[in-house]
Amino acid sequence: MSNVYFTEDHEWILVEGDIGTCGITEFAQEQLGDIVYVELPEAGREVTQNDEIAIVESVKAASELYAPVSGAVTESNDELADDPAKVNADAMGDGWFFKIRISSASELENLMDKAAYDALVVGQS
Amino acid sequence: MRYLPHTPVDRQALLAAIGAEDIDDLFIDVPNQALLKEPLDLPIHASEMAVESALTAMADRSVPMGSMASFLGAGAYRHHVPAAVDHLIQRSEFLTAYTPYQPEVSQGTLHYLFEFQTQVAMLTGMDVANASMYDGATACAEAVLMAHRVTKRDKAILCGGLHPHYREATETAVQFIQFEIDARSTNSDEAEDMAGLIDGDTACIVVQTPDLFGRLHDLRALADAAHDKGALLVVVVTEVVSLGAVTPPGEMGADIVVAEGQSIGNALNFGGPYLGLFATRQKYVRQMPGRLCGETVDQEGRRGYVLTLSTREQHIRREKATSNICTNSGLCALAFCIHLSLLGETGLRQLAQVNHGRAVALADHLADLDGVEVLNSSFFNEFTLRLPRPAAEVVEELVGRNILAGVPLSRLYPSNPAMADLLLVATTETNTDEDAAALVNALREVL
Amino acid sequence: MAGPETVTTNSGHSGLDLAEPLIFELDSPGRCGVDLPEPPDAPNRLGGLERSAPIGLPGLSEPQVVRHFVRLSRNNFAIDAGLYPLGSCTMKHNPRLNEKVARLPGFADLHPLQPVETVQGALELIDTLAEWLIKLTGMPAVAMSPAAGAHGELCGLMTIRAALEAKGDPREVVLVPTSAHGTNPATAAICGYRIEQIPADDRGRVDVAALKEKLAPNVAAIMLTNPNTCGLFENQIIEIAEAVHSIGAYFYCDGANFNAIVGKVRPGDLGIDCMHLNLHKTFSTPHGGGGPGSGPVVLAEALAPFAPIPMVVRDGDGLNLVERKADDLGTAESLGRLKGFHGQMGMFVRALAFILSHGADGLRQASEDAVLNANYILARLQGMFSASFPGPCMHEALFDDSFLKDTGVSTLDLAKAMIDEGFHPMTMYFPLVVSGAMLMEPTESESKTSLDQFIASMRHLGERALAGDSEFFAGAPYLTPYRRLDETQAARKPVLRWQPPVVEAAE
């Protein structure tokens with residue numbers, strides 16, 4: 001998956017063309033525990049890199065997600081409203097949060113690749 | 001000292017186990033100049049008998065409402081609370097229990113909170129209610145802040161019939177954030193005429209019914225007007241017994257209902273502790289402040305209850321919390337729940353009818369007096385009289401005749417001359433025919 | 001041979017463990033537990049707004065209601081039944097004298113808006129309590145109206161903002177230690193401030209050097225708890241106060257832990273500007289399953305003019321209530337009203353009864369015993385449990401989960417196992433500055449026997465955890481009527497009220 005990038009806040013972005021699909025990593029979902037609720041951005045919302053864009057809640061904690069890149073939200077994963085457990089079950093796949101039309105591909109260069117992210121996780125464990 | 005179990009022998013043994021010679025070894029981190037070397041110059045300990053005697057003497061320097069013919073309301077009402085209520089709330093397991101954060105040992109508390117939340121939702125005609133707040137006035141402030149969060153707008157309209165304490169508490173709560181309060185004057189239009197004031201910047205409009213003057217309001221048109229502009233309708237109820245007789249705010253289109261629950265289960269207690277009720281629609285549940293109790297199951301499939309949606313609260317969301325509130329009004333909520341369980345559907349309706357019936361009869365007798373005008377066309381158990389001279393003076397004169405005639409509106413609006421002659425009279429099931437006759441006769445004589 | 005695990009009953013009850021449904025499931029329409037007079041049969045004046053639809057409340061008689069709530073009560077732990085070693089909560093004994101005097105008609109049967117001359121005794125009670133709080137804290141003024149600790153905190157921070165605004169310089173930032181209670185940042189946000197955090201040093205206190213670096217002209221205030229949330233006295237507090245004042249900022253002190261120092265230290269002597277008190281912690285008013293509380297706030301001279309209304313004042317020969325902002329009443333700069341009416345009178349009576357019973361000598365002794373008891377727990381557990389900081393502690397002892405590393409047992413699991421031993425769990429996962437925090441506060445109400453029993457149980461559980469018996473802990477508690485409850489389900493699919501069952505239409 002050479003077109004997957006990671007942020008220091010334990011988010012991933014899968015880039016296909018100019019669309020990025022975003023979610024939280026396996027490590028993040030493990031840390032949070034059972035996910036009970038997510039708050040997702042509306043389609044059309046424009047964001048700058050690092051803007052607060054979504055919220056993920058477990059029983060005991062709430063975490064913000066930040067836009068990994070600048071762009072406009074194209075859609076959010078409606079299935080998470082009824083079944084937030086998908087984030088725990090498949091954080092890197094079915095548990096995706098939102099898709100974004102990337103406005104500035106050069107911002108991806110600030111993000112980590114899988115090897116760098118895996119090293120970060122080892123350091124934090 | 002009867003509340004302290006340790007003897008000097010115990011203290012020595014504990015110090016020895018710690019490895020300290022003197023208790024002040026344990027206070028070693030206190031800067032020496034700040035550590036008091038002697039007890040403060042204040043009275044020393046006293047026996048239970050002595051404390052009881054001193055406080056009884058102090059209590060005797062006030063006149064309890066029950067010893068006079070009393071007609072005071074204005075947001076706090078004297079109702080009869082069955083003896084079982086006070087006995088039950090004094091059970092150790094209710095009185096001295098902690099907040100139910102460990103649900104396995106708090107199912108008693110959580111179970112009654114779930115019942116309480118259901119009762120409040122039923123009374124107000126709304127979808128969900130929280131586990132209570134400090135009082136009606138702070139609940140009103142919290143409702144405005146919630147409307148601010150939900151609509152992301154910066155203005156609230158407070159109708160002129162809103163209890164001034166509720167208006168003031170709301171103004172205090174928003175004074176340091178970007179938020180504007182448009183508080184309508186009491187001489188302005190009825191709630192029904194407020195619709196024209198709502199615009200695209202309005203987060204909510206706040207209306208009280210029965211209002212401060214006792215008038216009842218049909219809010220359906222106002223609800224539609226608010227919703228047309230994307231604003232919320234917040235309805236305030238200060239006399240919750242009225243909900244036994246009157247169309248509930250939920251049926252009239254309210255988005256948030258806040259109320260003072262003191263009338264059910266709780267004594268007047270000179271103003272506190274009281275009981276804030278807060279109810280809203282299902283879609284706003286995650287924006288609700290305060291504690292929430294939810295149903296679940298335990299490991300063996302037994303139905304039980306837990307505090308839930310805690311991520312809204314201060315101990316988790318911290319600066320992004322829906323409120324800084326930590327506590328609810330637990331024991332007052334229990335008293336409300338027990339009293340309402342005793343009343344039930346028929347009892348609450350009958351209680352409301354008795355209250356209203358007494359008020360109608362009293363209003364008619366008072367309206368017959370020369371110079372006295374009953375201003376209300378509608379009311380529940382409280383109405384406004386216009387007297388031929390300042391109401392505060394009249395009230396003082398009647399104290400001498402062992403009557404508490406009502407709340408002069410000048411007490412709540414001291415700088416408004418239009419209020420000077422107005423008296424708020426409330427009557428409940430605790431007033432007798434003799435009380436009513438005493439009030440009527442006394443007014444006839446002094447006016 | 002039959003035993004509790006094998007015997008089943010027809011009723012679903014289990015000996016003295018009596019199962020109880022919701023009141024809505026006990027309904028019999030028309031039944032009522034209160035006798036009321038017949039209402040008059042006359043036209044109403046409800047303006048056409050009579051209620052038409054049923055409310056939906058169930059009908060029960062008095063015996064059923066009493067039995068219902070008695071059964072519920074038996075599923076609660078309570079201080080009267082056993083020890084709650086809850087750090088920061090001060091679960092001390094609630095004297096019954098307090099309940100008796102709070103119910104005297106001369107306190108309980110008073111309407112808040114009665115003419116002031118008919119409530120002089122009540123105003124005297126409030127004034128007397130206020131005087132005690134002023135003298136115990138060494139501060140010149142007190143605001144009595146806040147309804148709870150968090151409300152008092154809001155009041156305190158609002159007076160600070162009001163004072164700064166009066167100087168035309170509201171500023172932007174409030175400094176809060178990383179160990180702070182969640183109410184602190186929530187309160188700061190309501191006052192329009194953003195927070196910046198100050199780290200702790202390796203002794204568990206505020207890092208004073210780091211604090212001083214953050215003291216800039218845009219800092220409005222610092223919010224510190226003392227003793228702090230790690231149970232330690234901030235020994236540099238006087239220096240901190242001086243530094244804060246030198247840049248024109250104010251010092252808010254969270255008084256949740258006042259029980260450690262009543263009669264031993266006056267916070268006013270430490271340089272603080274305002275502090276809230278929790279009458280339901282330090283002054284024994286009952287926790288009531290979650291309230292009501294009361295949170296008076298003591299204030300320095302500089303902040304007193306901004307105190308909320310109403311307030312009780314001496315007026316000629318008697319006492320009066322000041323209920324509005326006005327120059328001639330000295331309240332022109334008040335931050336305004338915080339709640340309806342005057343304050344938590346019912347809690348004032350209880351707190352004053354407690355204070356008068358203890359007196360200056362008893363209050364001082366109570367603090368000493370509270371600190372003694374916490375240090376005893378620290379001394380007896382620290383060999384096995386990982387104490388986060390070296391002692392002595394104040395009225396509470398902080399441990400963390402480092403001693404449980406590689407056992408597979410978490411702080412939560414250990415806490416749930418305490419329940420079977422007959423103790424309420426200690427405060428867990430707070431403060432956030434250590435991993436898996438366990439904050440234990442016994443209070444002065446525990447005898448040595450009680451402490452020894454608690455310590456023995458904790459040591460037993462500690463041994464079992466260190467022996468690697470993680471499966472046992474994961475299933476705890478075993479002996480309560482309710483086992484671990486599914487909090488995930490409650491949050492994913494919130495069911496916040498009873499609903500009448502949907503009646504299936506007959507085919």
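Residues numbered from 1 in each chain as written. Chains lettered and ligands numbered in written order. Predicted model: local features only at pLDDT ≥ 70, side-chain atom pairs only at ≥ 80, totals over all residues.

Peer 1: I would appreciate a short explanation of the overall build of chain A in the present structure.
Peer 2: Broken down by element type, chain A carries 4 helices and 9 strands. Mapped from its N terminus to its C terminus, chain A presents α and β elements in the order β-β-β-α-β-β-β-β-β-α-α-β-α. Here chain A has a C-alpha radius of gyration of 13 Å; the compact-globule value for 125 residues is 14 Å, and the two agree. Taken over the C-alpha atoms alone, chain A extends approximately 35 × 35 × 20 Å along its principal axes. A buried classification covers 41% of the 125 residues belonging to chain A. Considering only contacts within chain A whose residues lie at least 6 apart along the sequence, 61% involve residues at least 24 apart. (Helix = DSSP H or I, 4+ residues; strand = E, 2+ residues; numbered from the N terminus. Rg over C-alpha atoms; globule rule 2.2 N^0.38 Å. Buried ≥ 20, exposed ≤ 12 C-beta atoms within 10 Å, placed from the backbone. Contact = placed C-beta atoms within 7 Å.)

Peer 1: I tried to follow the overall build of chain B on my own but got confused; where do I start?
Peer 2: The number of helices and strands found in chain B is 13 helices and 15 strands. With the C-alpha coordinates of chain B rotated into their principal frame, the extents come out at 80 × 55 × 50 Å. The proportion of buried residues among the 447 residues of chain B is 63%. For chain B, contacts bridging at least 24 residues in sequence account for 72% of all contacts bridging at least 6.

Peer 1: Teacher, can you tell me more about the interface of chain C and chain B here?
Peer 2: For an interface, size is often stated in terms of accessible area lost upon the parts coming together. Taken together, the contact pairs 169 residues of chain C with 169 residues of chain B. Those elements that place two or more of their residues in the side of chain C that touches chain B are α1 (62–73), α2 (96–102), α3 (105–108), α4 (120–137), α5 (149–166), α6 (183–190), α9 (345–381) and α13 (487–492) of chain C. Among the elements that make up the side of chain C that touches chain B, the one with the highest residue count is α9(C) (22 residues). Tallied by class, residues from the side of chain C that touches chain B come to 88 nonpolar, 48 polar and 33 charged. (Nonpolar A, V, L, I, M, F, W, Y, C, P; charged D, E, K, R; others polar.)

Peer 1: I keep staring at the pairing of strand β3 (residues 155–158) of chain B and nothing clicks. Help me out?
Peer 2: As a general feature of sheets, a regular strand has side chains that alternate between the two faces. Residue and element names in this part refer to chain B. Burial of the side chains of β3 extends over both faces: Lys155 and Ile157 are buried on one face and Ala156 and Leu158 on the other. Sheet topology note: the β3/strand β4 (residues 180–183) ladder contains 4 bridges and is parallel. If you follow Leu158 over to β4, its bridge partner there is Ala183. One ladder, built from 4 bridges, connects β3 with strand β5 (residues 202–208); its direction is parallel. Looking at β5, one finds that Ala156 is bridged to Cys204. (Pairing = 2+ DSSP bridges.)

Peer 1: It is not clear to me how the sheet that holds strand β1 (residues 141–143) of chain C should be interpreted in this structure. Could you clarify?
Peer 2: Two pairing modes exist for strands in a sheet, parallel and antiparallel, and in both the strands are linked by backbone hydrogen bonds. Residues and elements named next belong to chain C. If you trace the 7 strands from one edge of the open sheet to the other, you get β1-β7-β6-β5-β4-β2-β3, paired in mixed fashion. Edge positions in the sheet fall to β1 and β3 (194–198), since each has one partner strand and no second. Averaged over all pairs of adjacent strands, the angle between strand axes in this sheet comes to 25°, irrespective of strand direction. Pairing analysis gives 3 bridges linking β1 to strand β7 (residues 297–299), with the strands arranged antiparallel. Across the sheet, residue Ala141 finds its bridge partner in β7, namely Leu299. Where α6 meets the sheet, it contacts β2 (173–177), β3, β4 (219–225) and β5 (250–254), and its direction lies at approximately 175° from that of β2. (Axes fitted to C-alpha atoms, helices over the stretch in contact; angles between N-to-C directions.)

Peer 1: When you look at the interface of chain A and chain C in this model, what are you seeing that I'm missing?
Peer 2: At the interface, 5 residues of chain A touch 4 residues of chain C. Grouping the amino acids of the side of chain A that touches chain C by side-chain chemistry returns 4 nonpolar, no polar and 1 charged.

Peer 1: Even after reading the chapter, I still don't get the pairing of β4(C), so can you show me in this structure?
Peer 2: Of all 7 residues that make up β4(C), 7 are buried, and the element is covered over most of its length. Since β4(C) and β5(C) lie parallel, the crossover through helix α8 (residues 237–246) of chain C that links them has a hand, and here it is right-handed. (Right-handed = clockwise from strand over helix to strand, strands pointing away.)

Peer 1: Which parts of the structure should I look at to understand helix α6 (residues 136–151) of chain B?
Peer 2: Owing to its 3.6 residues per turn, the α-helix aligns residues three or four sequence positions apart on the same side. The terminal C-alpha atoms of α6(B), which comprises 16 residues, lie 22 Å apart, in line with the 22 Å expected from a rise of 1.5 Å per residue. Positive phi appears at B:Lys152, one or two residues downstream of α6(B), with a value of about 60°. (Expected span 1.5 Å × (residues − 1).)

Peer 1: What is the right way to look at the nonpolar core in this model?
Peer 2: For soluble globular proteins, nonpolar side chains are generally found buried alongside one another. Within the largest apolar cluster, 350 residues are counted, with the highest numbers of intra-cluster contacts made by B:Ile205, B:Val206 and B:Val234. A per-element tally of this core places α9(C) first, with 22 residues. Residues contacting B:Val234, with those up to four places away along its chain left out, are B:Ala143, B:Val144, B:Ala147, B:Cys204, B:Val206, B:Asp255, B:Ile256 and B:Val258. (Core = buried A, V, L, I, M, F, W, Y, C linked by C-beta atoms within 7 Å.)

Peer 1: Please clarify how unusual backbone geometry should be interpreted in this entry.
Peer 2: Phi is mostly negative for residues that are not glycine, and the peptide bonds are mostly trans. Look at the link from C:Ile309 to C:Pro310: it is a cis peptide, with omega at 5°. On the secondary structure map, C:Pro310 appears in the loop between β7 and β8 (311–315). Of note in this structure, A:Asn50 is not a glycine but carries a positive phi near 80°. Judged by the 15 C-beta atoms lying within 10 Å of it, A:Asn50 is partly exposed.

Peer 1: Explain the domain arrangement of chain B to me, please; I cannot follow it from the model alone.
Peer 2: Residue and element names in this part refer to chain B. Domains assigned within chain B are domain 1 (69–80 + 344–446) and domain 2 (83–339). Taken together, the contacts link 24 residues of domain 1 with 21 residues of domain 2. Mapped by element, the contributors of at least two residues to the side of domain 1 that touches domain 2 are α10 (330–367) and β12 (382–386). If you tally residues by element for the side of domain 1 that touches domain 2, the top one is α10, at 7 residues. By residue class, the composition of the side of domain 1 that touches domain 2 is 12 nonpolar, 9 polar and 3 charged. (Domains from an automatic or database assignment.)

Peer 1: Would you explain the environment of A:Ala116 in this entry?
Peer 2: All names here are of chain A. As for its placement among the helices and strands, Ala116 is situated in helix α4 (residues 114–124). Owing to 12 C-beta atoms within 10 Å, Ala116 belongs among the exposed residues under this scheme. Along the sequence, Ala116 and Thr7 sit 109 residues apart, while their C-alpha atoms lie 9.9 Å from each other.

Peer 1: Where do I start with helix α5 (residues 107–124) of chain B in this structure?
Peer 2: All names here are of chain B. Between its terminal C-alpha atoms α5 stretches 26 Å, which fits the 26 Å expected from 18 residues at 1.5 Å a residue. Taking burial as the measure, the 18 residues of α5 include 18 buried ones, the bulk of the element. One or two steps after α5, the chain reaches Gly125, where phi turns positive at roughly 75°.

Peer 1: Please clarify how the packing of α5(B) against α10(B) should be interpreted in this entry.
Peer 2: Between two packed helices, both the angle of their axes relative to each other and the distance between the axes serve to describe the pair. Residues and elements named next belong to chain B. Two elements in contact, α5 and α10, have axes whose closest approach is 9 Å; the angle formed by their N-to-C orientations is 65°. In terms of orientation, α5 and α10 fall into the roughly perpendicular class. By crossing handedness, the relation of α5 to α10 is classed as left-handed. Contact residues: Tyr112, Leu113, Glu115, Phe116 and Gln119 in α5; Ala333, Leu334, Phe336, Cys337 and Leu340 in α10. (Parallel < 35°, antiparallel > 145°, perpendicular 65-115°, else oblique. Left-handed = near helix turned anticlockwise from the far one by under 90°.)

Peer 1: Teacher, can you tell me more about the sheet that holds strand β15 (residues 422–426) of chain B here?
Peer 2: All names here are of chain B. Across the sheet, which stays open at both edges, the 4 strands sit in the order β11-β12-β15-β14 with antiparallel pairing between neighbours. Only two strands of the sheet have a single neighbouring strand rather than two, namely β11 (373–374) and β14 (407–408). Where β14 meets β15, 2 bridges bridge the pair, whose relative direction is antiparallel. Each residue of the ladder has a partner; that of Val407, found in β15, is Leu424. Strands in contact with α10 are β11 and β12; relative to β12, the strand with the most contacts, it is inclined by about 5°.

Peer 1: How should I be thinking about the environment of B:Arg303 in this particular structure?
Peer 2: Residue and element names in this part refer to chain B. By the secondary structure assignment, Arg303 is in strand β10 (residues 303–307). Residue Arg303 is classed as partly exposed on the basis of its 15 C-beta neighbours within 10 Å. With sequence-adjacent residues up to four places away left out, Arg303 is seen in contact with Glu295 and Val297.

Peer 1: It is not clear to me how the environment of C:Pro21 should be interpreted in this structure. Could you clarify?
Peer 2: Looking at the secondary structure, you find C:Pro21 in the segment before α1. Expressed as a C-alpha distance, the spacing of C:Pro21 and C:Gly362, which sit 341 residues apart in the sequence, is 45 Å.

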